[in-house]
Amino acid sequence: MKYDRIDSKLFIKNRKNFMEKMKPKSLAVFNSNDIYPIGADSTMPFQQNRDIFYLSGVDQDESILVLFPDAPEEKHREILFLTETNEHIAVWEGAKLTKEDAFDVSGIKTVYWMKDFEKIFFEVMTQCETVYFNTNEHYRANHKTETRDDRFIKWCKEKYPAHQVAKANPILQRLRSVKDTIELDLMQKACDITEKAFRRTLKFVKPGVWEYEIEAEYYHEMIRNRSKGFAYTPIIASGNNANVLHYIENRHQCKDGDLILLDTGAEYANYSSDLSRTIPVSGRYSDRQKQVYNAVNKVKKEATKMLVPGTMWKEYHVEVGKMMTSELLDLGLLDKADVQKEDPDWPAYKKYFMHGTSHHIGLDTHDYGILTEPMQANQVFTVEPGIYLPDEGFGIRLEDDVVIQEKGEPFNLMRNIPIEIEEIEDIMNS
């Protein structure tokens, strides 16, 4: 991995917290992700399953974590199964974790090779009553590909039909949403890399550049700072492309007078950042662009203040909608009649601001978190209002990542990334 090794005490703590929530005489199983094929002998770059990473720090394929806090033998209360490394693998792929390396990374003492999995697993299954399966129950999840966890669940139910089953996901939803200080440091690192990439971009952009060239500038700066690259598919949307919310083609030329909406965050050590900025191709905003930009920025600042312990996500979005409605009235985009006759299920402001303002962020860009429960300290949220004007040929979105504090306003992990009009113009014209 490119990133510096993470202190194993994070993963030791995460496992302890998870096991405290498990039923008596139960075990939990977490599988790594597959390496997905493209065609012939080509594969996609490996991305670790975030749950096994959260609980172990192991960042390689063909790995299994078993947690069994009530195991009669102490050594079987935490078990890692890994592919056995050898000289052939070392030559062709690079050496995988040894048992000693795995302990250093995870803090887990008991490490077996994968070839011994079924034998050891049979032993511990005879000693437990309930098996926790790992399923993806994120509210945005919509995957058709069968995962290693999916295949394992089918195999385990067939092999051990008399065991009770339970879900790991509700436990992980709560645990992963509240960040440890080590996690916050890693997320700050991801945001710092994003800052460097954004500042590089401000110096690079001028009329005539192509969106994909801007993407390349970002990628260059991310890689040279020990990131794998973007935490999600980047959006480099000039002109009217900004009004396509998930525009990812990044293939058009940037023209004088246009704005570019940049939704571009780096990852670091599998932790995400998520930044949006909107900058002028020419280095100067027009008066109308400034009006709309300042309205979005005002909503963002006021919305951020609401991210405090006890806030309910749904109620927060209702209040942000009221703020946005006020700004749209001032801009002349809505009138009072629009608001008076609006559909409560699709308020008038949604014509110009149709997405949500905030989501959890962490190991996943849209991270785990239970939206029906009050916000808590050390949860990390994005704040990303926008106004989209296809008739005027531009859209503006501004976004930072903030940490909820015990008291007061949240801490902005992107506090050093330029956002005010004057600072952006000064940098672009220096």
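Residues numbered from 1 in each chain as written. Predicted model: local features only at pLDDT ≥ 70, side-chain atom pairs only at ≥ 80, totals over all residues. Heavy atoms only, no water.

Side note on the pairing of strand S17 (residues 400-403)
By the alternation rule, side chains of S17 split into Asp 400 and Val 402 and Asp 401 and Val 403, which are all buried. Of the strand pairs in this sheet, strand S14 (residues 380-383) and S17 are connected by four bridges, and their pairing is antiparallel. Each residue of the ladder has a partner; that of Thr 382, found in S17, is Asp 401. Relative to strand S18 (residues 411-412), S17 runs antiparallel, the two being bridged by two bridges. When the bridges of S18 are listed, Val 402 appears paired with Asn 412. (Buried < 20%, exposed > 50% of the residue type's maximum accessible area, 1.4 Å probe, protein only. Helix = DSSP H or I, 4+ residues; strand = E, 2+ residues; numbered from the N terminus. Pairing = 2+ DSSP bridges.)

What about the domain arrangement of the protein?
The domain architecture assigned to the protein consists of domain 1 (8-177) and domain 2 (181-429). Each partner contributes to the roughly 1900 Å² buried at the junction of domain 1 and domain 2, and carbon and sulfur atoms together form 52% of this total. Together, Arg 50, Arg 176 and Ser 177 form the three largest contributors to the area buried by domain 1 at its contact with domain 2, with a combined 31%. Only helix H1 (9-19), helix H2 (50-56) and helix H7 (169-177) provide two or more residues apiece to the side of domain 1 that touches domain 2. The element that contributes the greatest number of residues to the side of domain 1 that touches domain 2 is H7, accounting for six residues. Across the side of domain 1 that touches domain 2, the residue classes break down as five nonpolar, seven polar and seven charged. (Domains from an automatic or database assignment. Buried area = accessible area lost by both parts, 1.4 Å probe. Nonpolar A, V, L, I, M, F, W, Y, C, P; charged D, E, K, R; others polar.)

A few points about the sheet that holds S18
Read across the sheet, three strands follow the order S14-S17-S18 without closing on themselves; strand pairing throughout is antiparallel. The outermost strands of the open sheet, each flanked by one partner alone, are S14 and S18.

Thoughts on the side chain of Thr 325
Assignment of secondary structure puts Thr 325 in helix H11 (residues 313-330). Thr 325 sits in the buried class, given a relative accessible area of 11%. Those residues in contact with Thr 325 that sit more than four places away from it in its chain are Leu 334, Val 339 and Tyr 349. (Contact = heavy atoms within 4.5 Å.)

Things to note about helix H6 (residues 148-159)
The first and last C-alpha atoms of H6 sit 16 Å apart over twelve residues, in line with the 16 Å expected at 1.5 Å per residue. Within the span of H6, buried status applies to Arg 148, Asp 149, Phe 152, Ile 153 and Cys 156. Mapping the buried residues of H6 onto a view down its axis gives an arc of 135°, with all of them on the same face. For H6, exposure combined with an orientation more than 90 degrees from the buried face picks out Lys 154 and Glu 158. Its buried side turned inward, H6 meets strand S1 (26-31), helix H5 (117-125) and strand S7 (130-133). (Expected span 1.5 Å × (residues − 1). Arc of directions from axis to C-beta.)

Observations concerning the nonpolar core
One finds Phe 18, Phe 30, Ile 279 and Ile 387 to be the most contacted residues of the largest nonpolar core, which totals 100 residues. The element best represented in this core is helix H8 (residues 181-204), accounting for ten residues. Both of domain 1 (8-177) and domain 2 (181-429) provide at least three residues apiece to this core. Setting aside chain neighbours within four positions, we find Phe 18 in contact with Ala 28, Phe 30, Leu 55, Leu 67, Ala 168, Ile 171, Leu 172 and Leu 175. Val 29, Ile 64, Phe 117 and Phe 133 belong to the second-largest nonpolar core, a separate cluster that totals 21 residues. (Core = buried A, V, L, I, M, F, W, Y, C linked by side-chain atoms within 4.5 Å.)

A word on the sheet that holds S1
Here we have six strands laid out as an open sheet, ordered S6-S5-S4-S1-S7-S8, and mixed in their pairing. Two strands in the sheet have a free side with no partner beyond their single neighbour: strand S6 (110-113) and strand S8 (164-167). Taken over all neighbouring pairs, the strand axes of this sheet differ in orientation by 25° on average, direction set aside. Judged from the four bridges that link them, S1 and strand S4 (residues 63-67) form a sheet pairing that is antiparallel. Paired with Asn 31 across the strands is Ile 64, a residue of S4. Those strands touched by H1 are S1, S4 and strand S5 (78-82), and its axis lies near 50° from that of S4. (Axes fitted to C-alpha atoms, helices over the stretch in contact; angles between N-to-C directions.)

Re the environment of Trp 313
Mapping Trp 313 onto the fold places it in helix H11. Look at Trp 313 and you get partly exposed, because its relative accessible area is 23%. Measuring from C-alpha to C-alpha, the distance between Trp 313 and Ile 6 comes to 31 Å, with 307 residues separating the pair along the chain. Dropping the residues within four chain positions of it, Trp 313 is found in contact with Ser 358, Leu 371, Met 375 and Phe 381. Separated by 3.0 Å, the side chain of Trp 313 and the backbone oxygen of Ser 358 make a polar contact. (Polar contact = N/O pair within 3.5 Å; in protein donor to acceptor, adjacent residues only side chain to side chain.)

So, the state of the cysteines
Among covalent bonds in proteins, the disulfide is the one between the sulfur atoms of two cysteines. In total, this model carries zero disulfides according to the counting rule given. Of all cysteine sulfurs in the structure, the one in Cys 156 sits closest to Cys 128, which takes part in no disulfide; the separation is 8.3 Å. (Disulfide = S-S within 2.5 Å.)

With respect to the pairing of S5
Each regular strand shows side chains that alternate between the opposite faces of the sheet. Counted residue by residue, S5 has four buried out of five residues, so it is predominantly covered. Judged from the four bridges that link them, S5 and S6 form a sheet pairing that is parallel. The residue bridging Ile 79 from the neighbouring strand is Thr 110, located in S6.

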